[in-house]
Amino acid sequence: MGHCFNSTVVNAPIGRVWKTVRNFHDMSWCDSVITSCTAVGKIAGDEVGAKRVLNGAFQETLMSIDDDDHCFSYSIDDGPEPVSKESVSEYIGTVTLRPVTDTNATFVQWESDYEIKESEDLVAGFCNPIYAALLEALKAKFA
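Described below are features of the structure shown in this document. Everything numeric in this text was worked out from a predicted model, so none of it was measured.

Thresholds applied
Residues numbered from 1 in each chain as written. Predicted model: local features only at pLDDT ≥ 70, side-chain atom pairs only at ≥ 80, totals over all residues. Heavy atoms only, no water. Buried < 20%, exposed > 50% of the residue type's maximum accessible area, 1.4 Å probe, protein only. Helix = DSSP H or I, 4+ residues; strand = E, 2+ residues; numbered from the N terminus. Pairing = 2+ DSSP bridges. 1 Å grid on protein atoms, 1.4 Å probe; cavity = no way out; pocket = protein on both sides within 12 Å on 5 of 7 lines; lining within 4 Å. Points joined across faces, edges and corners; volume = space filled by probe spheres on them. Axes fitted to C-alpha atoms, helices over the stretch in contact; angles between N-to-C directions. Contact = heavy atoms within 4.5 Å. Phe/Tyr/Trp six-rings, centres within 6.5 Å; stacked < 30°, edge-to-face > 60°. Lys NZ or Arg CZ within 6 Å of the ring centre and 35° of its normal.

## Digging into the pairing of strand β3 (residues 51–54)
The alternating pattern of β3 places Arg52 and Leu54 on a buried face, while none of Lys51 and Val53, on the opposite face, is buried. In this structure, strand β2 (residues 37–40) lies alongside β3, joined through 4 bridges in antiparallel fashion. In the sheet register, Thr38 faces β3, and the bridge partner there is Val53. Relative to strand β4 (residues 58–66), β3 is paired through 4 bridges, and the arrangement is antiparallel. Bridging across to β4, Arg52 finds its partner in Glu60. Between the end of β3 and the start of β4, which pair antiparallel, lie 3 residues, with Asn55 showing a positive phi angle near 50°.

## Observations regarding the layout of surface pockets
Where empty space is left in the structure can be found by rolling a water-sized probe over the atoms. In this structure, the largest pocket encloses a volume near 160 Å³. In this structure, the largest pocket is lined by 17 residues; those nearest its centre are Leu54, Glu60, Ile130, Tyr131 and Leu134. Elements with a minimum of two residues in the lining of the largest pocket: β3, β4, β5 (71–78) and α2 (120–141). The element best represented in the lining of the largest pocket is α2, accounting for 5 residues.

## Section: the sheet that holds strand β6 (residues 88–100)
Taken together, 7 strands build an open sheet; the order of strands is β1-β7-β6-β5-β4-β3-β2 and the sheet is antiparallel. The outermost strands of the open sheet, each flanked by one partner alone, are β1 (2–10) and β2. Looking at each pair of strands side by side, their axes are set apart by 25° on average, direction ignored. Of the strands in this sheet, β1, β4, β5, β6 and β7 (105–116) are in contact with helix α1 (residues 14–21), which crosses β6 at around 150°.

## A look at the packing of aromatic side chains
By the definition in use, this model includes 6 aromatic pairs. Note on Phe72 and Tyr74: the rings are 6.4 Å apart at their centroids and 40° apart in plane angle, and the pair reads as tilted. Looking at Tyr74, the relative accessible area reads 2%, which means it is buried. An aromatic cluster of at least three residues, connected via ring pairs, comprises Trp18, Phe24, Phe72 and Tyr74. Directly above the aromatic system of Phe24 lies the positively charged group of Arg52, at a separation of 3.6 Å from the ring centroid. One Lys or Arg, Arg52, reaches over the ring of Tyr74 and ends 5.8 Å from the middle of that ring.

By themselves, these observations are geometric and do not establish any function.
See the structure below:
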């Protein structure tokens, strides 16, 4: 099983950061990384089962969302290599927010687990820079 892990601290209270990232269909906070986010179907972006296509290539489904614990998980159902459905299965990404109480900031963790037929380093090498860029965009939004 492969694993990706990235994290950062955002200089904003957890409520503000969660409000920014919780809508699965709204990636406007990171338009330097995600140039298009297309909702698929009629399920709202804050409901389990919501589907989207990112940058015309990544097909994803919202698997869980928890407003109390400030986290959501999603699957990548298909995408470009090395995360295509032919190469990777059971790809689950999770975004978790935690308060940093001494500074009223937010710790943001973005990780994923997946099964891969080839080297797990291929997926990690592909996904980790994307997650890092997404986290940098989120930090910049609150800078």
